[in-house]
Amino acid sequence: VSRLLSVAAVDRVITYGGLAGAGLSEAGRLEGESNIPVVVMRNEAALPRAYLVFDVEVHADIVRAAKRLREPGFNPRTTVILESGEAPPGSTRREPAATEPRLTTSGPNRVRVEVSAPIPGYLVLADTFYPGWIAEVDGVPSPVIRANVMFRAVAVPAGEHAVEFKYRPSSVRSGLLVTAAGLVLAGLLAVPRRR
């Protein structure tokens, strides 16, 4: 359980009676409100919401990917499991020094992250992978890939980059097209005809 919490960037968990697991420690407790105390657990191993990785494993089968994610030998801090894709050119099997990505915008429809990658890698964002999210690296569209079973990743080249995730579901685009077509048709019908 603590591994999955860590990959999801969950650093606090509220429980009844506490929770046992590697890296979990009690951060606070509220007694007397119920028969079982409410305990806030701190997850010391929680990954940040956005981080860079340079090693890649590709598992198109989501069940296999979930099993691999839970294996003790898998290190989600250095390796990402992608649904599709490949290791970026120039990446290595070692963990190069990298600065932590910096979230500069975080909203319900837009997330912007500044990264500094010493070599090509992947920016992993511990936000839910969901259709309709698009990404741009320095303003250039880049595919959003399902990462670690349920999150998002985008390939980033070496260097300083701004990565922006935007929620643009196809239903909104379709609705805008239908509305525009309706307005054009209404405008044409409103123009009086000459006889």
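Residues numbered from 1 in each chain as written. Predicted model: local features only at pLDDT ≥ 70, side-chain atom pairs only at ≥ 80, totals over all residues. Heavy atoms only, no water.

Mind showing me how you'd approach the environment of A153 here?
Of note, A153 is situated in strand β13 (residues 151–156). Residue contacts for A153: discarding those within four places in its chain leaves L82, Y122, L123, V124, P143, V144, I145 and A147. (Helix = DSSP H or I, 4+ residues; strand = E, 2+ residues; numbered from the N terminus. Contact = heavy atoms within 4.5 Å.)

Explain the pairing of strand β5 (residues 55–58) to me, please; I cannot follow it from the model alone.
The side chains of a regular strand alternate, first on one face of the sheet and then on the other. Bridge analysis of β5 against strand β6 (residues 79–82) gives 4 bridges, and the strand direction is parallel. In the strand pairing of β6, V58 is matched with L82. With helix α2 (residues 62–70) bridging β5 and its parallel neighbour β6, the resulting β-α-β unit is right-handed. (Pairing = 2+ DSSP bridges. Right-handed = clockwise from strand over helix to strand, strands pointing away.)

Could you clarify how one ought to interpret the sheet that holds strand β1 (residues 12–16) in this entry?
The pairing of strands in a sheet comes from backbone hydrogen bonds and takes either a parallel or an antiparallel form. Reading across from one edge, β1-β3-β2 is the order of the 3 strands in this open sheet, with antiparallel pairing throughout. Two strands bound the open sheet, and with one partner strand each, they are β1 and β2 (24–30). Neighbouring strand axes in the sheet, compared pairwise and without regard to direction, differ in orientation by 30 degrees on average. As paired strands, β1 and strand β3 (residues 38–43) are joined by 5 bridges and run antiparallel to one another. (Axes fitted to C-alpha atoms, helices over the stretch in contact; angles between N-to-C directions.)

Honestly, the sheet that holds strand β11 (residues 140–142) in this entry has me stumped. Any pointers?
The antiparallel open sheet is built from 5 strands, whose spatial order is β7-β8-β14-β10-β11. Looking at strand neighbours, the two that pair on one side only are β7 (102–106) and β11, the edges of this open sheet. Averaged over all pairs of adjacent strands, the angle between strand axes in this sheet comes to 25 degrees, irrespective of strand direction. Pairing between β7 and strand β8 (residues 110–117): 4 bridges, direction antiparallel. When the sheet's bridge partners are listed, T105 is paired in β8 with R112.

These results come straight from atomic positions and should not be treated as a statement about function.
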